[in-house]
Structures are given as structure tokens and as C-alpha cells.
Amino acid sequence: MFDTLWYSRKLRVWVAQIALMGSLAALIWWIGGNTAQNLTERGIRTGLDFLSRPARFPISETILHYSPEDSFLWAFIVGLANTLWLSALTILLATVLGLALALARLSAHPMLSRLAAGYVTVFRNIPLIVQLLFFYGVATSVFPPPREAWTPLPGIYLTLRGAYAPDLFLSSSGSWLLAAIALALILTLRIAWRWPTGKALLPLPARLCAAVALWLGASIAIWHLAGRPVRLEFPELNGLNFRGGQHLSPEFCAIILGLTLYTAAFVGEVIRGGVQAVSKGQWEGGRSLGLSERQIMFRIILPQALRIIIPPMTSQYLSTVKNTTLAVAVGYPELGLVVNTVINQTGQALESILIMLGVFLTISLSVSALMNWLNARVALVER
Amino acid sequence: MQSTVMTSPHLRRKSPLVLRIAKAFFGDLLGACLTLLSVGILLALVPAFKWAFIDAHWYVATPQGCFSGGACWAFIGSKLRLILFGLYPPEEQWRAALVVGVILIMVLLTAWPRLWGARLLALWAVGIALMLVLMAGGIAGLPPVPTSKWGGLPVTLLLATLSLGMAFPFAVILALARRGSLPIARAIAIFLIEIVRGLPLVGLLFVAAILLPLFLPADWTIDKLGRTLAALTIFAAAYLAEVVRGGLQGLPSGQIEAAQALGIPYWKTVWHIVLPQAIQKVIPPLTNTAIVMVKNTSLVLIVGVFDMLSAARSAATDPAWPAPSKEAYLFVAAIYLVICYGISLYSRHLEAGINARNRS
């Protein structure tokens, strides 16, 4: 575009570019010099040897096993694991909720589509951190103490100290059994779905129901035969608090609820935009071929919409990963909070913050690379 | 898309309203299920509505009046000044209020497409200088107020407008460099944009709050507000650059070729031909970025800058009141909702105008 304008003065352009490069290098040199001088003047220790020293601070909840005797490096990894856990859970829940929101907004039902539109307006236009602090405020003020816990469903208790839910108890063979049962469900549904229509005795919905019933019966029988290797462990009130079961802290509840509700509003809009971007002629063409609405949606519209959806969805998922850093505000120990604590403990701010930035940059760049690859594969379908 | 005679409204027989409503809500099995679902959702919201409006305390003589029942809006009333203006000296708060007013007027003027141009930019420069003088004082008989005392809504609005305003020139340069054909300049632009976009804003704020003093000579002191503003500006510049790049990409190459044929120099082409058209194309995504930045200013709470959200949080810790954090955050949320939804409505209005012009 701007080629000829610039290349007519080729030499000047190169001199200018080299000067730009030089001034950038000088700036970095200057910053490096200042930093070195400041660090020595203030007597701040440098280097990465602190990573192998014991951390000596607690982390309130972790996915990986952690104790204060573990090293700073392990503390970082534990924080990163929490970040990834939070991101994965949020992305999963928000995608499901976002899909529901998109379908609701696209539906012809006047009340439901307006409700969904109202939801999107409210949740998109309020900063995430305000929502997180609000939910944290609710989680720590509305609910009763454990002795008077609310039980919306049997086995689930909502208290001022967080939520308690039944925990899945797995013996060693249990996880294998669970995987086998899940695989069996997929297989049964697939067989029922793909059953040749000419030979079928039942219509598709009835066939699916029969398949699920068959699967359920067989699974329960096998579960009993295997000596009930999988069961639920219920939380029990013991003195002033609950024992057993799964405990979700108020911080975790607030952050997962806030992130999910906020992200779902954006995901819903991305999906809606993708479906609406497919031209109307596609629907009309499908109808004139005599396809059913469902066939048009799944065979014609969605495959095309997916291609439009993938790039904005990628950036949405990436911002979700970055948004988990807001958990600092409510005190859930993800990577940002761990880094903050490490800085307070060691004073080695430069190294800790650079580690955090490096981790996020790695995640961002690798996810965009992965999604570009996926996008190229989906785009290839187009001829 | 002109409708055919078959479906034109005056030929379609109009059924009675009741019937149409019945058909919309209970037309088929799916419709009836969805109606029940929506009613269920609305019913689930009833307790929240009852808490917020029916059982709420709007005026109480003492904080004790709030210890039972619904929402305590009286708390907002008694803490309004703290939430809106932070620790700004009470007798000088008219200045902070005036700053909010000036920003509102400037934004409203900017929303009027007829005023767009170099003169509006000059007006913004004057307006921002006026706002900073009003906030900081120290001249014209205004007592000086250090930035550590600034807080609340003016800080939120100043951070949003200043970061967007200062980021814009950088964004244009970055976008031009990224679209241009100078390899080193393009590499630097891509590097900077992708690095900043790959990082969470919290990370940049950590750098600004904790590392920036280390990066600069020991005798240079920039206060915390200035440092967070720098982080927000860098962040906004990277995102705006991508938006502007979209506009540059959408520009027909004939425009630039024509300018070259007329012998117009590069920078004049950019200023008079490329930018006006490119930016006009991306006004909807630009307003979107503006919304994102308004929301992002609330993150400065994490590094301890006293914006509106931090002010509300500190107001909510007053032990005299019964745990009023919900009300405080709802109030802040409502202010953000009004600002951001206002911008998005404006963007939709502009977009409708652009679409109408394209169709005619």
C-alpha cells in the first residue's frame, strides 16, 4: 500500500529504521542500568536461587498438594495450577451457559429472548471486578453459619464458610469403571442415533430414550456386581463445622460464579453473532431443498457459523485466562496472588513479576497458535 | 429486502391481540416450555426484587435501623460523598464535581459527529488541562490537593479518558507501522502489540506499581496514579492499534494510489485521506474499546489506587453499618452500567446511521 511512497527513498527509510532500532536498544540499556543501580542501592537480592528455598507461607486452597515446607518454585506451580483449573472450569461452564443464552436470544419466543438480552446487557456492562466483589460480599454475608446451613438439595449445604457438596468416593477400580460407563453411554447413543431408519422399530426420540434406559440399567447392575466401587460421600455437621464431602470456599464460589456469568454474556454474543452472520439465503436454500429446520441448523448453518465463531471465541477464552488474575481482589490463590505473596516474602519483585508475565505470555501465544491451526483446519472445509 | 405481495402486512389478516399473544407464548409444546422457563426465571428473581425495593431501607435515623430487613440504601446516602469523591477534602469537593461535569460535557460534545475534527482535539487538550488544574489546584487561588487525596468517580473518569486519549496517537502509529512495509518498524509494532495483548492488565499494573520505580533513575518520582495511568495507556494503545489496523485494512487501495498519483506526500496522505476514512469505518469497535477501558479502570483497585470501586470498598468496611458491601457494589455497578450501556447505545445509533447511509 504505502510501498512506492517509502521505497522511493529507500536509503532514508533504512537509516530511519536503524535509528529506531538503536533508540529502542538504548532505552532498554538505560532501563537495565537504572534497574541494576536501584537494586544494588536498595540492597535487594537478585537471582533465581530463591526458587529452591522453602516458601514458608500457606496457600489456602490448592489443586496440587502443597505445604509451606515446599519451595517457592512449587508455590508458583501450585498457583499456576489454580489459575488453569479456574480457567478450564470457567470456560466449560461459560460455554454451556453462553450457548443457552445465544439460543434464547435467537429464539422467536418474545419473553425468553428479552430476558437473555437483558442478562447480556447487565453482565457485559459491569466491570468483572465489581461483580466478583459483589458475589464475594454476598457469599460472606447472606448465608447462615454452618449449624443453620441452607440445604437447597439434599447433601448440599450453603453456609457462611462456603458451600459443601457430596464428594465422589472412588476406589482404585472405580475410576476405570466410571470411564467404561461413560464410554458405554457414548457408544449406546451413537448406535441409537445412527441406526438405519429403514430397520428402526421406533422413532428417533424413543430410540434415544430406550438406549439411555438400557445403559442405565446395565450400569447399575455392573456397579452392584463390582461391589459399589463408586459412591458419594456426604458432608456431615461435626461440632461447629462440616466434615467430609467437597468444600467450596466463599472465595472460590465468588470467583467461579462471577467469571462464569460474565464470560457467558460474551460467549453468548459471539455465538449469536456467528449464527446471524450466516446469510439468510442459506436457510431459504435449505428449506427449498426440503430439509427440516434441525437439519438446516446442524448441517448448514452451524458448520458455517463455527468458522466465524472460532477466532472471536479464541480471544474470549484467552481473556478468560487473563481475567482469572482478578481473583486477587477476593483472595483466591491463583498465580497473581501467589506472586504478590512471594514479593512480600522475598522482596524479589523483578523475578516474580517476570515469571508471572512469562507464564501468561506463554499461555496466550501457545493458545493463539493452537487456535490458528484449528481455524486453518476448519477453514479448509471451504472450497 | 423488499417483502413480496404475499407477506405484505395490509393483506395479512390481523388476528385478535389475545390470540396472537397466546400463539406467541403457547403456540406449540416448545413455546409453552420456554414460557414456563421464562416465568420460572422471573419468579426466581422475586426475592432479589423484594430485598432491593420492597424490604429496603431508604432513610434511617441511625445505622441500627438497617440491621434487619432488605437492602440498606440509606448507607449509600450517608456515604455518597466518600464513594463519589474519595478522600478529596470535603470543602474542595465542588472542584471534583466540576471535573465530572466537564468530562460529561466533553463526552457529549464528542458524541456529536458534526464537531469531529482538529478543533475537537484542541478542545480536548484544553479540557484535560482544565480538569487537571481543577483537581490538583495550586494556582488561581485554588488550594493544592495532592494526587494521593484524589479519589472516586473523577479518578475513574480521568483514568478512562486520559488513557484512551493518550493511547490513541500511539495506536495510530503502531497500526500504521504494522500495516506498512518497513520490516524493522513492522516487527517492532507486532512485537509490542502482541506482548501487551498477551498479558493480563493486572500483570501490567503490577509492573507499573512495583517495577517502574526500579526501572527509572532513583531521583525520578512518578506517583502511583501516574504510573497506573501509564499502564492503562500502554494497554489501551495495543488494543486500539488492532482496531485502527482493521480500519486501515478495510480502506480501498485506490485511495492511496490516487494520492500517490497526485504526488501528495506520505504524511499528508495519512492525515487527510487514510486516517479520516479508516477511523470512520471502525467507530463501532472503537466505542467498544472505550467501554472495555472504562471497565478496566476499576482494576486499579488491585494496586491500591483510590478509584470509585476502592472508595466503595473502603466505605463498606465501616463497622457501624451491617455489612453493606452488597449495596455499595450494586451502587458502583449501576454507575458503570449507565456509563457503559450509554456508550453502547450511542455506538448502535452511529452504526444504524452508517448502515442507512450505505444502503441508500
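Residues numbered from 1 in each chain as written. Chains lettered and ligands numbered in written order. Predicted model: local features only at pLDDT ≥ 70, side-chain atom pairs only at ≥ 80, totals over all residues. Heavy atoms only, no water.

## A look at the overall build of chain A
- Within chain A, the regular secondary structure consists of 12 helices and seven strands.
- Its C-alpha atoms give chain A a radius of gyration of 27 Å, more than 25% over the compact-globule value 21 Å for 383 residues.
- Projected onto its principal axes, the C-alpha positions of chain A cover 80 × 75 × 40 Å.
- Counting over 383 residues, chain A shows a buried share of 40%.
- Considering only contacts within chain A whose residues lie at least 6 apart along the sequence, 64% involve residues at least 24 apart.
- Working note: accessible area of chain A is about 21,000 Å², and carbon and sulfur atoms make up 67% of it.
- A distance of 13 Å separates the average location of the 28 positive side-chain charges in chain A from that of its 17 negative side-chain charges. (Helix = DSSP H or I, 4+ residues; strand = E, 2+ residues; numbered from the N terminus. Rg over C-alpha atoms; globule rule 2.2 N^0.38 Å. Buried < 20%, exposed > 50% of the residue type's maximum accessible area, 1.4 Å probe, protein only. Contact = heavy atoms within 4.5 Å. Areas by Shrake-Rupley, 256 points an atom, 1.4 Å probe, with all protein chains shown as cover. Lys, Arg positive; Asp, Glu negative; His and termini not counted. Charge placed at Lys NZ, Arg CZ, Asp CG, Glu CD.)

## A few points about the UniProt feature "transmembrane region" (unreviewed entry) in chain A
Residues and elements named next belong to chain A.
- Following the UniProt record, the feature "transmembrane region" (unreviewed entry) maps to residues 12-32, 72-104, 116-138, 174-193, 205-226, 254-275 and 353-374 here.
- For residues 12-32, helix accounts for 100% and strand for 0%, while the C-alpha atoms at its two ends are 30 Å apart.
- Helix makes up 100% of residues 254-275 and strand 0%, and the two end C-alpha atoms of the span are 32 Å apart. (UniProt positions renumbered as here; feature names shortened; annotations may be inferred.)

## As for the sheet that holds strand β1 (residues 157-159) of chain A
Residues and elements named next belong to chain A.
- Strand order in the open sheet made by the three strands is β1-β2-β7, with antiparallel pairing throughout. Both edges of this open sheet fall to β1 and β7 (246-248), since each of them pairs with a single strand only. Averaged over all pairs of adjacent strands, the angle between strand axes in this sheet comes to 15°, irrespective of strand direction.
- Both β1 and strand β2 (residues 162-165) contribute to a ladder of three bridges, which runs antiparallel. By the bridge assignment, L158 is partnered in β2 with A163. (Pairing = 2+ DSSP bridges. Axes fitted to C-alpha atoms, helices over the stretch in contact; angles between N-to-C directions.)

## Quick notes on the interface of chain A and chain B
- Counting residues at the interface gives 60 residues for chain A and 67 residues for chain B.
- Counting each side, the surface lost to burial between chain A and chain B is near 5,700 Å², with a carbon and sulfur contribution of 78%.
- Where chain A packs against chain B, one counts zero salt bridges.
- Per-element tally for the side of chain A that touches chain B: the top contributor is helix α2 (residues 10-42) of chain A, with 14 residues.
- In terms of residue class, the side of chain A that touches chain B is built from 40 nonpolar, 14 polar and six charged. (Buried area = accessible area lost by both parts, 1.4 Å probe. Salt bridge = Lys/Arg side-chain N within 4 Å of Asp/Glu carboxyl O. Nonpolar A, V, L, I, M, F, W, Y, C, P; charged D, E, K, R; others polar.)

## Details of helix α11 (residues 266-281) of chain B
Residues and elements named next belong to chain B.
- In this model, α11 (16 residues) spans 21 Å end to end at C-alpha, consistent with the 22 Å of a helix rising 1.5 Å per residue.
- Along α11, the sharpest change in direction is near 45° and occurs at V274; proline P276 comes one to four residues later.
- Along α11, the positions that sit buried rather than exposed are Y266, T269, V270, I273, V274, L275, A278 and I279. (Expected span 1.5 Å × (residues − 1). Bend = angle between axes of the 7 residues up to and from the residue.)

## Some thoughts on the domain arrangement of chain A
- Split into domains, chain A comes out as domain 1 (72-166 + 243-378) and domain 2 (171-227).
- Distance from the C-alpha centre of domain 1 of chain A to the C-alpha centre of domain 2 of chain A: 31 Å. (Domains from an automatic or database assignment.)

## So, the environment of B:N355
- The topology assignment puts B:N355 in helix α14 (residues 325-359).
- As for B:N355 and B:A56, which are separated by 299 residues in sequence, their C-alpha atoms are 45 Å apart.

## A closer look at the UniProt feature "transmembrane region" (unreviewed entry) in chain B
Residue and element names in this part refer to chain B.
- The UniProt feature table records "transmembrane region" (unreviewed entry) at residues 21-49, 94-113, 120-143, 155-177, 189-216 and 328-347.
- Counting secondary structure, residues 94-113 comes out at 85% helix and 0% strand; the distance between its end C-alpha atoms is 31 Å.
- Across residues 189-216, helical content stands at 89% and strand content at 0%; the span's end C-alpha atoms are separated by 23 Å.

## A closer look at the state of the cysteines
- Under the definition given, this model contains zero disulfides over all chains.
- Sulfur of A:C209: no disulfide; nearest cysteine sulfur belongs to B:C33 and is 14 Å away.
- Given a relative accessible area of 55%, A:C209 falls into the exposed group. (Disulfide = S-S within 2.5 Å.)

## Considering the pattern of salt bridges
Residue and element names in this part refer to chain B.
- By the definition in use, this model includes seven salt bridges over all chains.
- Between E194 and R178 there is a salt bridge, with the nearest N and O atoms lying 3.1 Å from each other. Highlighted residues: E194 in helix α7 (residues 183-198) and R178 in helix α6 (residues 153-179), separated in sequence by 16 residues.
- Here R178 and E242 are joined by a salt bridge, their closest N and O atoms 2.9 Å apart. Separated by 64 residues along the polypeptide, R178 in helix α6 and E242 in helix α9 (residues 224-249) bring together distant segments of the chain.

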